[in-house]
Amino acid sequence: MAESVRVNVTVNGESRSSEVEPRLLLVHYLRDTLGLTGTHIGCDTSNCGACTVLMDGESVKSCTVLAVQADGAKVQTIEGMAPAGNGALHPIQEAFWEHHGLQCGYCTPGMIMAAADLLKRNPNPTEEEVRHGLEGNLCRCTGYHNIVKAVMAAAESMRSGEGVPA
Amino acid sequence: MSAVTEGATGTQSGPIGRRMKRKEDPRLITGRGNYVDDISLPGMLHMALVRSDVAHARITSIDKSAAEGMEGVHAVITGEDLDVGAPLPMVWIPPGVEVKTPEHWPLARGEVNHVGDPVAAVVGSDKYGVIDAAAQIVVQYEELPAVIDPEKALEDGSPLVHDDLGTNKTHEWALGGGDMDAAMAEADVVVERRIVNHRTAGAAIEPRGCIAEWRGESVTLWTATQIPHLVRLFLAGELGVSEEKIRVIAPEVGGGFGSKLNHYAEEVLACYLSRKLGRPVKWLETRSENLAATTHGRDLIVYCKMGVKRDGTITGLHAKIVADLGAYYQLLTPFIPCFAAFVMSGCYKIPAVQTDIVGVFTNKFATDAVRGAGRPEATHAIEVMIEQAAAELGMDPLELRRKNFIPKEDFPAEVAVGVVYDSGDYHGTLDKLLEHVNLDEFRREQAELREHGVYRGIGFSTYVEICGLAPSRVVGPSGVGIQGGFWESAVVRVHPSGAATVYTGSSPHGQGHETGFAQIVAERLGIEPENVEVMHGDTDTGPFGMGTYGSRTLSVGGEAAGRAAVKVQEKAKKLAAHLLEAAPEDIELADGKYQVRGSPDKGLALADISLAAYVPENIPEGMEPGLEETSFYDPENFVWPFGAHAAIVDVDIDTGKVEVARYVAVDDCGRAINPLLIEGQVHGGIAHAIGQALFEQVVYNDEGQLITGTFVDYALPTAAELPSFETDRTETPSPVNDLGVKGVGEAGTIAATPTMVNAVVDALRPLGVSYMDMPLTPMRVWQAIQEARGAGSGPRATEQGRQTDEHGSGSAGSGPAAPAEGGES
């Protein structure tokens, strides 16, 4: 086992500092070291996207990023999408709930993070753009129908400024 | 249909029928779910497995010394070290039929029989460290010939998967009725096809996983399963521990699709090693392990023969099925193909229907249930045959269907295979489908597009599904032969405040039980679903239950919850009568009030009654305090959902690529409890089947190496490859249960593969393509086009034109069905 190295990462707005094995994946750092288990793991090959988080504002598959590569970065996970405590939801979360955009819920955190990145880059996407924008995230339950519907609805509510968390 | 219980009239004001947002979702959309991998226990160790990288071999030595010496490694065990009381279970013992059954141990004993067969287990303190240690275990093999093609496996002189069994044939089983010889003799045209329904994976996005924690004499197992109570029962025998000392918890489960309707080796190993080491042991499946060693589905070769008269009357349908079962059995492996036989009549009044099944061992992993489990295979065969026969007759395939549909007035209808369909209106769903698809307009558009070199096709399927497993006397030991009961259980507990908790034996993995069951119970009790909590998946807190599979949740588990709630309602009415000084028969439940009929001003809310029940100063003489009831419900019949689907596809004839332009589904699952959940189930089912039809296939090569061992190679559909679906419903209540419900979890998967194949064939008929097997990958479609063009140019009629199939791409002709070589690569 190689010597551990220190990483400093800002996760959901909070500064975290840990000694980690150099080979530790970011997803395991988030889940096992920091206890943020909302980010999931569904494959070994970066296909499923269940582990999607935002790193410096852009979506990454955290199973394909080493924790040491996140040193100095700002990481946002599903736990950081809604302000804690007051029960408020991010418009994307709200839309997934409203439009039945999830069933087993396992792909959902990654799907929501990927959607967040998509809508930041393209606030007014067509259905086709949403479908292509989410093709890095697999869902086995919903057939994507209601996920696409939810993302379109979230885009609309975010454009109109409704329900954006403080 | 049976009368619906008072308080459950399905009026729009009641919770039943409401498009209610799911109660499950707030925790799941915020990352606060609790899946197996989210659970971490003090002192927990990690387990990794060494799996065979060859398909068939004798193990000559295993050197574990290097691994044992590594830092953090606590134990390394092999098949010889593992001392358990029973092999893994297979629970189908059909009366009068011999099923050759190999012993299946959690770790291989002397021989491996498929790539991925577990050979050794390593436990250590670090999740990366145990993978390092597993890599240091050296296994020497003496390779044996691999048996891969199921039809070759049945030939004399084939190498054997299990020498001691003396054959690769697992069993023969048949179900049918009517005089097949007479039926075929009576037919003007007999259409024959060899239809391959290839091997697929359940591919839930959450892989399997489990954690075992042994404390004193008791063990708790958290496991990603659809059947926690059954897992507990099996573990009792394997571990030699009395059942009540075992607690199995299915926490949040990230999809199952049949692949978690099982009891797997790793569950036994985690428990065994936790006991041995005195520490909790966690195992998580990698996706590569999931594709190699979590059950596969389908993998049938169906030799189908349909007799039809010139006027379109179907006289008989005969299916001979060769089922590739893999090397060992999981829970229901040899039964699954037999399930197909129960719906081989389809939606049709066919005098003679027969299914003959031969099961085969091969050096692959076990097949078992995958969403639909036998019924998609049957429906695929029937609905493809219908369109093949229509083409041979030069008849409109919808007209052929209509001519043979069981008419609405015939229900309940006994069909040739001997089962009784509960209710149906097959013309009704098809008519409704055609309100969404203007066929005349489509045909005009199709003709125009063809002139511009665009090949657009439309395909249909109509299906009936057997679901709601139960009834025990039919499915159980002396009937079909599955060694168990098939009822479901529920406890409804009303708390002193008037809120309620439901404990169900059903065990969800995405279906939305917490919402749907809450709606049913709330309506029965006269409260709001927001005040009903549904608990599931824990053998210590709920009653024994059979789990979630086979679209049985609502019609068996939901009905049990409804019946328990009705018992509570009856007691509440007696108590209300006592409190209101009225006769119990004069009490009605209306608008959330227990009131003297027609006197809403003096009504009591459930909270008033429950408080009186828990503070029993004034209850009727002889009445027990408290407000809680249990129901164990075993239905009298299966339920039989049905529907009609259409797909419109565009085929790029230069590349073979198929695009789904529209997919329209009209399903009838009886009375709707929550339309939102129904639509979600239909969407997911359709996508799963389009996946099988166009992309997905588990592929082993001739040496038995798994070629599709990751999601790079096993191609699940993404959002970009699917359209939005157009769904609609009709409602024909089931007379079998009080709710009037049927199942819907598998409907899309059952209907959509033949719809897709029929659509692609329709697009390519002008080029001479008359049939293709799935998956309709660009390569396969392109090859079929080339072969058809090579076989004769220009539009070709569908007479006895026969295509050869040198590439195993499955384009079969209509002559005598003969096994094609290499159909399963």
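Values in this document were obtained by computation on a predicted structure and should not be read as measured data. (Residues numbered from 1 in each chain as written. Chains lettered and ligands numbered in written order. Predicted model: local features only at pLDDT ≥ 70, side-chain atom pairs only at ≥ 80, totals over all residues. Heavy atoms only, no water.)

Draft legend 1. Main features of the overall build of chain B. Counting its regular elements, chain B contains 20 helices and 27 strands. Over its C-alpha atoms chain B spans a radius of gyration of 28 Å, differing by no more than 12% from the 28 Å that the globule rule assigns to 825 residues. Principal-axis analysis of the C-alpha atoms gives chain B an extent of 90 × 70 × 50 Å. Expressed as a percentage of its 825 residues, the buried residues of chain B come to 67%. Here the contacts in chain B between residues at least 6 apart in sequence split such that 80% fall between residues at least 24 apart. About 26900 Å² of surface is accessible on chain B, with carbon and sulfur atoms providing 49% of the total. Side-chain charges in chain B split into 69 positive and 116 negative, and the spacing between the mean points of these groups amounts to 3 Å. (Helix = DSSP H or I, 4+ residues; strand = E, 2+ residues; numbered from the N terminus. Rg over C-alpha atoms; globule rule 2.2 N^0.38 Å. Buried < 20%, exposed > 50% of the residue type's maximum accessible area, 1.4 Å probe, protein only. Contact = heavy atoms within 4.5 Å. Areas by Shrake-Rupley, 256 points an atom, 1.4 Å probe, with all protein chains shown as cover. Lys, Arg positive; Asp, Glu negative; His and termini not counted. Charge placed at Lys NZ, Arg CZ, Asp CG, Glu CD.)

Draft legend 2. Representation of a nonpolar patch on the surface. Taken together, Leu611(B), Tyr614(B) and Val615(B) make up a surface patch of nonpolar side chains, about 250 Å² in accessible area. On the secondary structure map, Val615(B) appears in the loop between α17 (606-614) and β24 (628-633). (Patch = residues over 30% accessible without salt bridge, like charges linked within 9 Å, V, L, I, M, F, W, Y side chains within 5 Å. Salt bridge = Lys/Arg side-chain N within 4 Å of Asp/Glu carboxyl O.)

Draft legend 3. How the structure looks around the domain arrangement of chain A. Residue and element names in this part refer to chain A. On domain assignment, one finds that chain A holds domain 1 (5-80) and domain 2 (91-159). For domain 1 versus domain 2, the separation of C-alpha centres amounts to 21 Å. The interface formed by domain 1 and domain 2 holds zero salt bridges in total. At the boundary of domain 1 with domain 2, the tally comes to eight residue pairs in polar contact (both at pLDDT 80 or more). Elements that contribute at least two residues to the side of domain 1 that touches domain 2 include exactly β3 (52-55) and β4 (58-61). In terms of residue class, the side of domain 1 that touches domain 2 is built from six nonpolar, 10 polar and two charged. (Domains from an automatic or database assignment. Polar contact = N/O pair within 3.5 Å; in protein donor to acceptor, adjacent residues only side chain to side chain. Nonpolar A, V, L, I, M, F, W, Y, C, P; charged D, E, K, R; others polar.)

Draft legend 4. Layout of the pattern of salt bridges. Residues and elements named next belong to chain B. Applying the stated criterion across every chain yields a total of 60 salt bridges over all chains. Among the ionic pairs, glutamate 172 bridges to lysine 169, the shortest N-O distance being 2.5 Å. Overall, the relative accessible area of 46% leaves glutamate 172 in the partly exposed class. Judged by its relative accessible area of 32%, lysine 169 is partly exposed. A salt bridge links arginine 375 to glutamate 465, with the shortest nitrogen-to-oxygen separation between them at 3.5 Å. Of this pair, arginine 375 sits in helix α10 (residues 375-393) while glutamate 465 sits in the loop between β18 (455-464) and α14 (472-475), placing them 90 residues apart in sequence. With respect to burial, arginine 375 and glutamate 465 carry one shared label: buried. The network of salt bridges with shared partners includes Arg51, Arg208, Glu266, Glu285 and Glu289.

Draft legend 5. Focus on the sheet that holds β24(B). Residue and element names in this part refer to chain B. Read from one edge of the open sheet, four strands run β21-β20-β19-β24, paired in mixed fashion. Sheet topology places β21 (532-536) and β24 at the edges, where each strand pairs with a single neighbour. Along the sheet, successive strands turn relative to each other by an average axial angle of 15 degrees, direction set aside. With six bridges joining them, strand β19 (residues 488-494) and β24 adopt antiparallel strand pairing. When the sheet's bridge partners are listed, alanine 490 is paired in β24 with serine 631. (Pairing = 2+ DSSP bridges. Axes fitted to C-alpha atoms, helices over the stretch in contact; angles between N-to-C directions.)

Draft legend 6. Representation of the interface of chain B and chain A within the structure. Taken together, the contacts link 55 residues of chain B with 48 residues of chain A. Each partner contributes to the roughly 4400 Å² buried at the junction of chain B and chain A, and carbon and sulfur atoms together form 56% of this total. The largest share of the area that chain B buries against chain A comes from Ile29(B), Tyr128(B) and Ile205(B), three residues that together contribute 18% of it. Taken together, the connections running from chain B to chain A amount to six salt bridges. (Buried area = accessible area lost by both parts, 1.4 Å probe.)

Draft legend 7. Structural detail: the packing of helix α6 (residues 228-239) of chain B against helix α7 (residues 265-277) of chain B. Residue and element names in this part refer to chain B. α7 packs onto α6 with a crossing angle of 50 degrees between their chain directions and a minimal axis gap of 11 Å. Compared by their axis directions, α6 and α7 come out oblique. The interaxial crossing formed by α6 with α7 has right-handed handedness. Of the residues in α7, those touching α6 at Val231, Leu235, Glu238 and Leu239 are Glu267, Val268, Cys271, Tyr272 and Arg275. (Parallel < 35°, antiparallel > 145°, perpendicular 65-115°, else oblique. Left-handed = near helix turned anticlockwise from the far one by under 90°.)

Draft legend 8. Representation of unusual backbone geometry in the model. The residue after Phe411(B), namely Pro412(B), is reached through a cis peptide bond having omega -5 degrees. Assignment of secondary structure puts Pro412(B) in the loop between α11 (397-404) and β16 (413-414). Each neighbour pair has its own omega, and for Met774(B) with Pro775(B) the value is -10 degrees, a cis peptide bond. Within the element layout of this structure, Pro775(B) appears in the loop between α19 (747-764) and α20 (778-790). One non-glycine residue with positive phi stands out, namely Ser46(A), at about 60 degrees. Locating Ser46(A) in the fold gives a position in the loop between α1 (26-33) and β3.

Draft legend 9. Examining the domain arrangement of chain B more closely. Residues and elements named next belong to chain B. Domain boundaries assigned for chain B yield domain 1 (25-33 + 487-633), domain 2 (36-144 + 207-253 + 260-293) and domain 3 (296-469 + 637-790). Taking only C-alpha atoms into account, the centre of domain 1 sits 39 Å from that of domain 3. Across the boundary between the two partners, domain 1 contributes 19 residues, which contact 20 residues of domain 3. Taking both sides of the interface into account, the surface hidden between domain 1 and domain 3 amounts to around 1400 Å²; carbon and sulfur atoms contribute 53%. When the buried surface of domain 1 facing domain 3 is broken down by residue, Ser551, Leu554 and Ser555 rank first, second and third, together holding 32% of it. Run the count over domain 1 and domain 3 and you get one salt bridge. The closest approach of N and O atoms between arginine 563 and aspartate 738, which form a salt bridge, is 3.6 Å.

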